[in-house]
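Working through the structure, step by step
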Amino acid sequence: MTQTTADAAARTAGYLADLPSILGGNPRFIEILDRLTTLSERGYYDPYKLFEWPDSLQEDAYWMSPELMTVHGTEAATKLDEAQLHALSKFESVNFYSLNVHGIRELLTEIVARIHMPGYEVASEYFHHIIGEENDHMWFFAKFCLTYAGKIYPDRSMSFAVPGVPEADTFLLFSRLLIFEEFVDVFNQKMAEDERLDPTIRKINKVHHQDESRHIAFGRQMVALLHQDLRTRISKAELDDLELYLKRYMRASAESLCNPAAFRDAGIPEPFAVRRSVIADPAFDEFVHRVFKRSLAFMTSEDIFADGRIPQR
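All of these numbers come straight from a predicted model, not from anything done at the bench. By convention here, each chain's residues receive numbers from 1 onward along its written sequence. Per-residue local features of the predicted model are confined to residues with pLDDT of at least 70, and side-chain atom pairs are confined, for both listing and counting, to 80 or more; whole-chain, interface and lining totals are unaffected and use all residues. Hydrogens and water molecules were not included; the side-chain quantities draw on all heavy atoms of the structure.

Let us now look at the packing of helix α8 (residues 199-230) against helix α13 (residues 293-301). For the pair α8 and α13, interaxial distance at closest approach is 11 Å and the crossing angle is 35°. Here the hand of the crossing between α8 and α13 comes out right-handed. Note on element contacts: α13 touches α8 through Arg294, Phe298 and Met299, opposite Ile216, Arg220, Val223 and Ala224. Of the residues assigned to the contact of α8 with α13, the class counts are five nonpolar, no polar and two charged. Helix axes use the C-alpha atoms of the stretch in contact, all axes being lines fitted to C-alpha atoms, and the angles between their N-to-C directions lie in the range 0 to 180 degrees. In DSSP terms, a helix is any run of H or I states spanning at least four residues, a strand is any run of E spanning at least two, and both are numbered starting from the N terminus. By definition, turning the near helix anticlockwise from the far helix through less than a right angle yields a left-handed crossing, and turning it clockwise yields a right-handed one. Any two residues having at least one pair of non-hydrogen atoms within 4.5 Å are treated as being in contact. Residues are grouped as follows: Ala, Val, Leu, Ile, Met, Phe, Trp, Tyr, Cys and Pro are nonpolar; Asp, Glu, Lys and Arg are charged; all remaining types, including Gly, are polar.

Note on aromatic contacts: the rings of Phe and Tyr and the six-membered ring of Trp form a pair at centre separations within 6.5 Å, being stacked when their planes are under 30 degrees apart, edge-to-face when over 60 apart, and tilted otherwise. Applying the stated criterion across every chain yields a total of 23 aromatic pairs. Judged by centre distance (5.6 Å) and plane angle (35°), the rings of Phe51 and Trp53 are tilted. On the basis of relative accessibility, which here comes to 7%, the residue Phe51 falls in the buried class. Taking 6.1 Å as the distance between ring centres and 80° as the angle between the ring planes, the aromatic pair formed by Trp53 and Trp139 counts as edge-to-face. Of the two residues, Trp53 sits in the loop between α3 (47-50) and α4 (75-78) while Trp139 sits in helix α6 (residues 124-148), which places them 86 residues apart along the sequence. Burial classification: accessible surface area is computed with a 1.4 Å probe over protein chains only, and a residue below 20% of its type maximum counts as buried, one above 50% as exposed, and the rest as partly exposed. For Trp139, a relative accessible area of 25% puts it in the partly exposed group. Lysine NZ or arginine CZ positioned within 6 Å of the ring centre and within 35 degrees of the ring normal marks a charge as sitting over the ring. Positioned over the ring face of Phe305 is Lys247, at 5.2 Å from the centre of the ring.

We now examine the state of the cysteines. Throughout this description, disulfide means a covalent bond between two cysteine sulfur atoms. The disulfide criterion used throughout: a pair of cysteine sulfur atoms within 2.5 Å. Evaluation of the coordinates by the stated rule reveals zero disulfides. Unpaired in terms of disulfides, Cys145 finds its nearest cysteine sulfur in Cys258, a separation of 17 Å.

In this section: the nonpolar core. As used here, the term nonpolar core means buried Ala, Val, Leu, Ile, Met, Phe, Trp, Tyr and Cys residues forming a set that is joined through side-chain atoms within 4.5 Å. Judged by nonpolar contacts, the single largest core of 103 residues is most densely connected at Phe144, Phe174, Phe187, Phe218 and Phe292. Apart from the residues lying within four places of it in its own chain, the contact partners of Phe174 are Ile111, Arg114, Tyr120, Phe127, Phe218, Met222, Val223 and Leu226.

When pLDDT drops low, the exact placement of atoms in the prediction is not to be read closely. Chain-level statistics for the protein give a pLDDT mean of 93 and a share of 98% at 70 or above. What pLDDT reports is the predictor's confidence in each residue, on a scale of 0 through 100. Across the protein, helix α10 (residues 260-265) holds the top mean pLDDT of 98, while helix α1 (residues 3-24) sits lowest at 77.

Our focus in this paragraph is the environment of Gly25. As for its placement among the helices and strands, Gly25 is situated in the loop between α1 and α2 (27-42). On a C-alpha basis, the gap between Gly25 and Val122 in space is 9.5 Å, while along the polypeptide they are 97 residues apart.

Contact geometry of helix α5 (residues 82-114) with α6 gives a least axis separation of 9 Å together with a crossing angle of 155°. The orientation of α5 with respect to α6, classified from their angle, is roughly antiparallel. Read as a crossing pair, α5 and α6 show a hand that is left-handed. Its residues assigned to classes, the contact of α5 with α6 comprises 17 nonpolar, six polar and four charged. An angle below 35 degrees is treated as roughly parallel, one above 145 as roughly antiparallel, one from 65 to 115 as roughly perpendicular, and anything else as oblique.

Let us now look at the side chain of His289. On the secondary structure map, His289 appears in helix α12 (residues 282-291). A 3.5 Å cut-off defines polar contacts: any pair of N or O atoms within that distance qualifies, except that in protein one atom must be a possible hydrogen donor and the other a possible acceptor, and neighbouring residues in sequence count only when both atoms are side-chain atoms. A distance of 3.0 Å separates a polar side-chain atom of His289 from the backbone oxygen of Asp285.

Expected span of a helix: the number of residues minus one, times 1.5 Å. Helix length check: α2 (16 residues) gives 23 Å between terminal C-alpha atoms against 22 Å at 1.5 Å per residue, within 8%. Every buried residue of α2 is listed here: Phe29, Ile32, Leu33, Leu36, Thr37 and Ser40. Around the axis of α2, the buried residues are gathered within 140° of arc, so they sit on the same side. Every exposed residue of α2 that faces more than 90 degrees away from the buried side is listed here: Pro27, Arg28, Glu31 and Arg42. In this structure Asn26 caps α2, since a side-chain oxygen of it lies 3.1 Å from the backbone nitrogen of Arg28. The directions from the helix axis to the C-beta atoms form the arc being described.

This is how it looks when you write it as structure tokens:
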């Protein structure tokens, strides 16, 4: 083991040894966990009985709120007629739910790896509810994709280097999960109330939002506590690296909505060229900041981010 590796291992071990006091030593966090657990128990439902799945949904209609489509406001959108926009909304909707399936799989893997493990004692009871609810979410999102498109789009998320800050691994994990959940919830809230959409689409978004509001409340508390502790352990330069990494994660998450396979399936020619033009359009940058407005405000208010701008990759 090299000296650098040994130092990193020692820093990680010291941090993990302190984790029980970081989380368990905060009475407000424990109170919030108890309240969220109670709310989960009261709001319990059986997803297999809650939803009805019609054989098909109307094709000449929007399957996603037009304002949430990646082409909204871009020059590329001006070249599409209404039938093409309807078709694209269908496949961008399927892509969105596919991203949920993949994101939830990661969330479940990470939560299961930590439940009833040292350091997570106070959170483990609520972890059980998160696992159950997220498993239900993954099922109904997958059910939608398979029923109405016959497929789930593959996970093509890009990975990029994680900052070499050993103590920050837990913070970065829960930050990514929180960012993902808040990002998705922006879409859920809009589509749950959008009467242009089929009732089945509105319902799955409404149900998901109701559960995610609790998960987001948990995630915000977790991320804030972990970052408060990190500020006492690591340098300003390392904190800046964490901020840049998370902002790059936000940008990549938004870009994952712009899937050339969705353009192809909607019958739009040259799907890769269209994707490049959309990503480069100033309207897409506005879209990125719009869908992350709430996350950026939270991260800035907690001094996790210095500002609310997401750099272009």
